[in-house]
Amino acid sequence: MTGSGTRPSHAVSITRARRWLVHAVIVLFVGGQLYAIVRARDYWPFSNYGMFSYVDESQTHNALRLFRIRGSEELPLLAFDHLRPFDQARITTVLELIKDSDPSGSKVRAALRDIWVRYEEGRQAGRHRGPLVDGVRLYTVEWKLDPFARNVSAPEQRDLLAEFRPHSDRLSR
Amino acid sequence: MHRVVLAARWLGQRWLNFWFEPSGPATLGFCRLLFFGGLFFLYLFEDFSAWGRVAPVFWKPIWLVGGWQLTVLDASVIAGLQVVWKTSLALAAVGLFTRAGMAVAFVAGAYLFTLSQNFGQVYHYEPFLILAMGGLALSRAADAWSLDTLAAAYRKPSHDGPAPSGEYTWPIRLVWVVVTLVFVGAGISKLRHAGPTWVMSDTMKTLLIRAYYNFSNTDPLVSWGLSLAEWPLAARAMAAAALLLELTFVLALVSRRARWILVPGAIGMVAGIRVLMGPTFGTFLLVNVVFWPPWSTVGRRLAALVPQKEAVTVFFDGACGICAGAMAVVRRLDLLRRVSMLDVVRDWPAIPTRVPMLTREMCLNEMHAVTASGAVVRGFHAYRALAWVVPLGWVLIPLLYVPGVNWLGERTYRAIAARRHRAACILPQGRA
C-alpha cells in the first residue's frame, strides 16, 4: 500500500496557512511540555515526569491497605479485578486524599462502601472469582523493608482506620 | 550585528529543515498503521465505562477538568464513547475514512484518557498518546498504507503516489520531540529534586525493594530486582545509566548515530522498569517502537533481501477503467516488485512475442497472467496467482483455496467482465 512501485508525480505543497497551523501545534505541544518541566508540575496532558525523582533511602514503607473480611479471616484487597476500575496504587492514593480531606471519616466510609459494592457486583457478574465477603477494612500499614520482601504479608505495624460492613457499618478511628 | 543575522538565519533554516525536510509518505503512513493498530489492541478489552459507576466521593478533578467544570459522564455514555473510539482506532489503522477516524480517535481518546486521571492519581502512561493522536489527526498520514489510498488509486489509476514533502516529516518529528521531552523532563526532575545524590545514594536500591510491596499500579514480573538490590554498586550503576540516558536523549533528535544507541536504550529501560519495578509503560514502548525507525529504509532493505525475480506478468485491458483501476491497486500492493504489467491495448506487439498462444481478443475478454513457472492463468485464477506474490494477498491465500471459492470467484469475475462489456466500464478522467 505504499506505492513503492510507483513514480512520485504530484507534489504535496505546504501552504503558508498550513505552515502556521503546524507551528501553532508545535508551539502548543512543546511549550506546554516545557512549561510543566520548568514549573515542576503536572498540567495534564503535559507533565514534568517527576516520578521517582526524590532521594528515597527510608527503610520503612507506609501505605494504606484494604482487606476483605470473611468471617474471622482477612484477605488482602489488591487485585485489579476486585478493585476495577482502580488499581492497587490509585486506590491507595485516592483513599489517602479522602482521609486527609475529611476528619469525620464519613467520606472514607462512603468510599469503602463503594469499594464493597463494586466488588460484589463484579463477583455476582462473574468478572472475578473472589469469595463472598462480609465487609471491607482499611488499615494504615508499616513495613520494615526486607531485602527479600519476605514480610509483605506480615507488616510490622497495622492500625485499623475504618471498616464497612453492609449491615452494620461503623467507623473505627 | 551581521553575524547575529546570519546565525538567526542559519538557525531558522535548521529549524525548518528539522520539521519540514521532504520525505515520502510511506514512513508516516506505516507509523499511522502501527500506532493506531497498536492502540486498538492495547485497549481492546479496557472498559472505561466503569469510571462512570464509581461513587462521587472518589472524584478529584485535575486542573483541566475542574477548571472547565466538567463531570464524569454516565457509564452508558462512556460505554458508547469507547465503542466509537475503538472503531475510530481501527479505521485510522487500516486507513479507511482516515482523516475522520484520526480526528475522532483524538477527541474521544483525549476524553477517555483524561477521565481516569480525576480519581486521585495522575498517571504518566497516556498523556503523550493524546499529543501523538493530536499531531496525527492534523497530518496527511492517510497518503500511504491506507485503504483510502487504494480507493484513490482505483479511481485515478494514472495518478502515482504523492511526491516527498515536509507534510510527511513534521508529524513524526513532533512525536520525537514529545517523547524526548518526556525523558529529558524526567532527568531534569531528578537533578532538581535530588541532584547527583539520586545516583550516589541507595535510592535505586530502595525503589527496587519497595516495588515488591505493591507500590505501583502492577507488581514486578520477576524477583530479579531484589537480587539486583543486593548489589548497591549495580543499583547505582543502573541509576547512573538511567539518568544519563534521560539527560542525553535530546541528542536522538539531531544525531542518527546517537539515535541508534539512545532509542534502543530507552526501550530497554522502559521494559526493564516494567519487569523489575511494575509500572506498565506499554504505551511508551509502542510510541518508541513505532515512530523512531526509518520504516522506508527498513522496507527497502527487507525487499532487497528478497530475490528480485519477476514472478507474475499480467496482461490487462488498459482501456477499461475497472481493469486499469484494479492494476493500479495491485501496483500499490506490489511491495516486493514481483509483478509486471502489460497493457493489451498499448503494449500488444510485445505480448505475443512472450506468450505466442495468446490472442488479442482473448486478452481483452479476460485478464491473463503468466506465473513464474510459465503457466498461463486467466480471470479469477490470475488474481489468485497475484495473491501469491503480493504480500497483502498472502493473508487471503487460505481463503482463496476454500472449497467453493474457486466456483464463486470464477462466476464473480465473469459477471464483472460481462458488465464492463455492456459499457459499464468508463475510463477514468486523465486516462484518455
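A brief structural summary. This structure is a prediction, so every number in the text was calculated from the model and none was measured.

Definitions and limits used
Numbers given to residues run from 1 along each chain, matching the order in which its sequence is written. Lettering for chains starts from A, numbering for ligands starts from 1, and both go in the order in which the items are written. Under the rules for a predicted model, residues below a pLDDT of 70 receive no local features and side-chain atom pairs below 80 are neither given nor counted, while totals for whole chains, interfaces and linings still include all residues. Side-chain measures here rest on the full set of heavy atoms in the structure, leaving out hydrogens and waters. Think of it in three bands: with a 1.4 Å probe and only protein chains considered, a residue is buried below 20% of the maximum accessible area for its type, exposed above 50%, and partly exposed in between. Comment: elements are numbered from the N terminus, with helices defined as DSSP H or I runs of at least four residues and strands as E runs of at least two. Two strands are counted as paired when DSSP detects at least two bridges linking them. Axis lines are fitted to C-alpha atoms, over the contacting stretch for helices. Their N-to-C directions set the angle, which ranges from 0 to 180 degrees. When checking whether two residues touch, look at their non-hydrogen atoms; a contact exists if any pair is within 4.5 Å. With strands facing away from the observer, any crossover in which the path from the first strand over the helix to the second runs clockwise is taken as right-handed. We define the nonpolar core as a collection of buried residues of types Ala, Val, Leu, Ile, Met, Phe, Trp, Tyr and Cys that are connected through side-chain atoms lying within 4.5 Å of one another. A 1.4 Å probe defines the accessible area here, and the buried area is the portion of it lost by two parts on being joined, summed over both. A carboxyl oxygen of Asp or Glu within 4 Å of a side-chain nitrogen of Lys or Arg is what we treat as a salt bridge. Any residue outside Ala, Val, Leu, Ile, Met, Phe, Trp, Tyr, Cys, Pro, Asp, Glu, Lys and Arg is labelled polar, Gly included; the first ten of those are nonpolar and the last four are charged.

What follows is about the pairing of strand E1 (residues 60–70) of chain A. Residue and element names in this part refer to chain A. Extensive coverage of E1 is indicated by the burial of 8 of its 11 residues. Pairing analysis gives 10 bridges linking E1 to strand E3 (residues 135–144), with the strands arranged antiparallel. Residue pairing across strands places Ala63 opposite Val141, the latter belonging to E3. Pairing of E1 with strand E2 (residues 73–76), which is carried by 4 bridges, proceeds in the antiparallel orientation. Residue Ile69 lies in a different strand from E2, and its bridge partner there is Glu74. Between E1 and E2, which pair antiparallel in sequence order, lie 2 residues; one of them, Gly71, sits at a positive phi of approximately 65 degrees.

Right, let's talk about the sheet that holds strand E2 (residues 339–343) of chain B for a bit. Residue and element names in this part refer to chain B. Pairing is mixed across the open sheet formed by 4 strands, whose spatial order is E2-E1-E3-E4. Edge strands, defined here as strands with exactly one partner in the open sheet, are E2 and strand E4 (376–378). Taking the axes of each pair of neighbouring strands and ignoring which way they run, one obtains an average angle of 25 degrees across the sheet. In terms of strand pairing, strand E1 (residues 312–316) meets strand E3 (residues 368–370) through 3 bridges, oriented antiparallel. When the sheet's bridge partners are listed, Phe315 is paired in E3 with His368. The sheet contacts of helix H19 (residues 380–389) involve E1, E2, E3 and E4, and relative to E4 the element is tilted by about 115 degrees.

Turning next to the pairing of E2 of chain B. Residue and element names in this part refer to chain B. Within E2, 5 of the 5 residues are buried, which leaves the element mostly enclosed by the surrounding structure. Side chains Val339, Met341 and Asp343 project from E2 onto one buried face, and the interleaved Ser340 and Leu342 project onto a second face that is buried too. Strand direction decides the pairing type here: E1 and E2, joined by 5 bridges, are parallel. By the bridge assignment for E2, Phe315 is matched with Leu342. Following the chain from E1 across helix H16 (residues 321–333) to the adjacent parallel E2, one finds a crossover that is right-handed.

Another point: the nonpolar core. Of all hydrophobic cores here, the largest spans 139 residues; its most connected members are Leu66 of chain A together with Phe35, Phe36, Phe58, Trp85 and Phe249 of chain B. Broken down by element, this core gets its largest block of residues, 12 residues, from helix H8 (residues 170–193) of chain B. Apart from residues no more than four positions distant in its own chain, Leu66 of chain A is found in contact with Leu75, Pro76, Leu77, Leu83, Ile91, Leu95, Leu112, Ile115, Val136, Arg137 and Leu138 of chain A. One finds Ala311, Ile322, Met327 and Val405 of chain B within the second-largest nonpolar core, a separate group that totals 28 residues.

In this section: the interface of chain A and chain B. At the interface, 77 residues of chain A touch 91 residues of chain B. Across the chain A/chain B interface, buried area totals approximately 7900 Å², and carbon plus sulfur atoms make up 65% of it. Between Asp56 of chain A and Arg210 of chain B there is a salt bridge; the shortest N-O distance is 2.8 Å. The greatest single-element share of the side of chain A that touches chain B, amounting to 14 residues, is contributed by helix H1 (residues 16–39) of chain A. Looking at the side of chain A that touches chain B residue by residue, the classes come out as 42 nonpolar, 20 polar and 15 charged.

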